[in-house]
Amino acid sequence: MPIAADPEVAAAYVAAGWWGHDTPTDLIRGNAAERPDDTAYVSWSRPTSEAGDGLGSIDRITWAGYDRLSDRMAAALLAAGLDRGDRAAVILPDGAAVHAAFTGADKAGVVVMGIGHRAGPAEITHLVEKSGARAVITGAEHRGRPAADAMAELRRDLPALAHHITIDGPGQDAALFLNGDPAPIPESVLEFAEAVDARRLGASELCLLNSTSGTTGLPKCVMQTHNRWFYFHQKAVEYSGLGADEVFCVPVPAPFGFGLWTAHYTPTILGVPTVVMADFDAAALLRLIEAERVTVLCAVTTQFIMMLNSPAFDDHDLSSLRLMFTGGEAIPYQRAAEFEDRTGCTVLNFYGSNETGMLSGTRLSDPRSARLRTGGKCEPEMDCALYDPDDGLRLPELRGRGQPACRGPATALGYYDDNRANTELMTDDGRMLMGDIVEIDEDGYLRVVGRTSDFIIRGGKNISAPAVEDEVMTHPAVAMVAAVAAPDPVFGERVAAYVELVPDTSLDLDGLRKHLAERGVSREWWPEHLFVVDALPRSSGGKVAKGELKKDAADRLGAESDS
């Protein structure tokens, strides 16, 4: 029996207009019929050698080509003998191929285990084993080595992983291989069209597993349906006025929630092109926005700050930008305001998680202070509530400080094969918990003040790491910052700041604390340790991997104590 949303709940959401019956397969087929030669994806990748022009390569795929490539993916999965509901791991860089693989699996009735292409071997092994994947889809190379070699090692550890599908080359004419041999084309698969119509996944069924960001420990697998992202799309259109003339640019990894709705669902529903990048590069992104006349940028905080910090920022015409979507975390007000001022676009901040989807959001009609300092107002149909993080009890009203939770058309089906994690995720009354502490004011605006694991508890005093980061970021020498708890034998924890510096600048702890004193920042928020690094570590989802920094702080301070 396939995993799917509760039939009664699904029927109620369909009746309310939040869910439907179409899947990306229906929409891609429609786009291929109505606008076959229009661009679906513009894929950028780094130069393959130092001999190149340094600008990287660009590949374009049309809607007809996208539909054809996903059909070929489906044919390869059918030829592999996978049953409906079996899982296939997809480990591909961002480009048309990863989206064609997702859709090809959907057509074949196969559930995708989406894995970020920068994931390490331990994470890949864990996710493939956890999902029970019977096949893996990769490029011809994986992390600089032949993918066949890497997958052979993986298959030795996981004998249930029976098949390896590779895609070699860009665009709709890329070569596909099944276990080293040329994969069959759809025409050679017996009754291919009939098989697709009989096997393809429904809009409320489990269609994709993706991982949590993995900033601490091994990631869990979140169960996705198409319909939750179709709902998310409706809210994005309502809040921002998205139309049929947009050009999206999404440097966020495809397998994760933010990357899914912005690159896999919304542009397909609108029938508009999407610019994607195999690897993030701030200077290249600026060039792409100008060259492709991008209207909608979808980026996490670290990415738009790196754009602002790029010496090339003012060298490009970014006037086509109308919107930037960001969120999922507290964003630095001053840098977001700077982005608006320097581009003329409007920044919208949606709040939620891979598990909950959209819990709240900001609108074009909201003032800047609300758009950049808050996560907007909670969605009525998401049935939000606040809970006491200490005892788990629901607070009497949706106001004040607490841990938010919700249930509604945007929520996932939970974690795959993980009862313990599902128990921790869900409240006793059936809502999904966020890992944040928020404050909701009298006007209904939600503001993130920290993660439940992101408070630095110094001498019994809770210090918000995002608040510290927001203040440290105001120093002119600081390009990026992450604040974490450093262990201390007296106070329990102290504030440690890891910073990337603006080129040709320097910073020491005394200079930083002097700056914060001049700003009137509470002494409790002042970092007590400052570590300057070349680059902050990132998780598979593109966010700062604070788990690594906490371990590094413990290692550094332990070594200092020992000496």
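Since the model is a prediction, treat every value here as computed from it, not as a measurement.

A. Fine view of the overall build of the protein chain. Of regular secondary structure, the protein chain possesses 17 helices and 29 strands. Computed over the C-alpha atoms, the radius of gyration of the protein chain is 23 Å, within 12% of the 24 Å expected from 2.2 N^0.38 for a compact globule of 563 residues. Taking the principal axes of the C-alpha coordinates as reference, the protein chain spans close to 70 × 60 × 50 Å. Looking at the protein chain as a whole, 58% of its 563 residues qualify as buried. Across the protein chain, contacts joining residues at least 24 apart in sequence account for 69% of those joining residues at least 6 apart.

B. Broad picture of the pattern of salt bridges. Per the stated rule, a full pass over the model turns up 38 salt bridges. Among the ionic pairs, E528 bridges to R458, the shortest N-O distance being 2.8 Å. In this pair, E528 sits in the loop between α16 (509–518) and β29 (529–532) while R458 sits in strand β25 (residues 455–458), placing the two residues 70 residues apart along the sequence. Classification of R458 as partly exposed rests on a relative accessible area of 22%.

C. The arrangement of the pairing of strand β21 (residues 400–406) in detail. Most of β21 sits inside the fold, with five of its seven residues counted as buried. Two strands pair when backbone bridges link them, and strand β20 (residues 385–387) and β21 are joined in this way by three bridges, in the antiparallel orientation. Bridge pairing in β21 places L386 opposite P404. Of the strand pairs in this sheet, β21 and strand β22 (residues 432–433) are connected by two bridges, and their pairing is antiparallel. Residue A405 lies in a different strand from β22, and its bridge partner there is L433.

D. A look at unusual backbone geometry. Phi at R143 takes a positive value of approximately 55°, unusual for a residue other than glycine. Among the secondary structure elements, R143 is positioned in the loop between β6 (141–142) and β7 (145–146). By relative accessible area, which is 52% here, R143 ends up exposed. Phi is positive for D383, which is not a glycine, with a value near 50°.

E. Structural context of the nonpolar core. Of all hydrophobic cores here, the largest spans 90 residues; its most connected members are L77, I115, V128 and F325. When residues of this core are assigned to their parent elements, the largest contribution, nine residues, is made by helix α3 (residues 63–79). Ignoring any residue separated from it by four or fewer positions in sequence, one finds V128 in contact with A89, I115, A133, L154, L158 and L161. L318, M324, Y333 and V484 belong to the second largest nonpolar core, which has 65 residues in total.

F. Inspection of the sheet that holds strand β19 (residues 377–378) at higher detail. The nine strands are arranged β2-β1-β14-β13-β15-β16-β17-β18-β19 in an open sheet whose pairing can be described as mixed. The open sheet terminates on both sides in strands that have one partner only, identified here as β2 (57–62) and β19.

G. Geometry of the packing of aromatic side chains. According to the stated counting rule, one finds 16 aromatic pairs in the structure shown. With 5.9 Å between their ring centres and 40° between their planes, W63 and Y66 make a pair best called tilted. Here Y66 and W63 lie together in helix α3, a separation of three residues that amounts to about one turn. Exposure remark for Y66: the relative accessible area of 0% places this residue in the buried category. Ring centres of F325 and F350 lie 5.4 Å apart, and the angle between their planes is 55°; on these two criteria the pair is classed as tilted. Remark: F350 occurs in strand β17 (residues 346–353) and F325 occurs in strand β16 (residues 323–327); sequence separation between them is 25 residues. The pair formed by F325 and F350 is uniform in burial state, with each residue classed as buried. Chaining the aromatic ring pairs together yields one cluster made of W229, F232, Y239, F258, W261, F325 and F350. The ring of Y415 has K220 sitting right over it, with the charged end atom 5.4 Å from the ring centre. The aromatic ring of F531 is capped on one face by R556, whose charged end is 4.4 Å from the ring centroid.

H. Geometry of the pairing of strand β5 (residues 135–139). Summarising burial for β5: five of the five residues are buried, a large majority. Side chains A135, I137 and G139 project from β5 onto one buried face, and the interleaved V136 and T138 project onto a second face that is buried too. Relative to β5, strand β3 (residues 87–91) runs parallel, the two sharing four bridges. Its bridge partner being in β5, I91 is matched across the sheet by T138. With five bridges connecting them, β5 and strand β8 (residues 163–168) associate as parallel partners. Paired with A135 across the bridge in β8 is H163.

About the cut-offs
Residues numbered from 1 in each chain as written. Predicted model: local features only at pLDDT ≥ 70, side-chain atom pairs only at ≥ 80, totals over all residues. Heavy atoms only, no water. Helix = DSSP H or I, 4+ residues; strand = E, 2+ residues; numbered from the N terminus. Rg over C-alpha atoms; globule rule 2.2 N^0.38 Å. Buried < 20%, exposed > 50% of the residue type's maximum accessible area, 1.4 Å probe, protein only. Contact = heavy atoms within 4.5 Å. Salt bridge = Lys/Arg side-chain N within 4 Å of Asp/Glu carboxyl O. Pairing = 2+ DSSP bridges. Core = buried A, V, L, I, M, F, W, Y, C linked by side-chain atoms within 4.5 Å. Phe/Tyr/Trp six-rings, centres within 6.5 Å; stacked < 30°, edge-to-face > 60°. Lys NZ or Arg CZ within 6 Å of the ring centre and 35° of its normal.

Everything listed here is a matter of geometry and, on its own, says nothing about what the molecule does.
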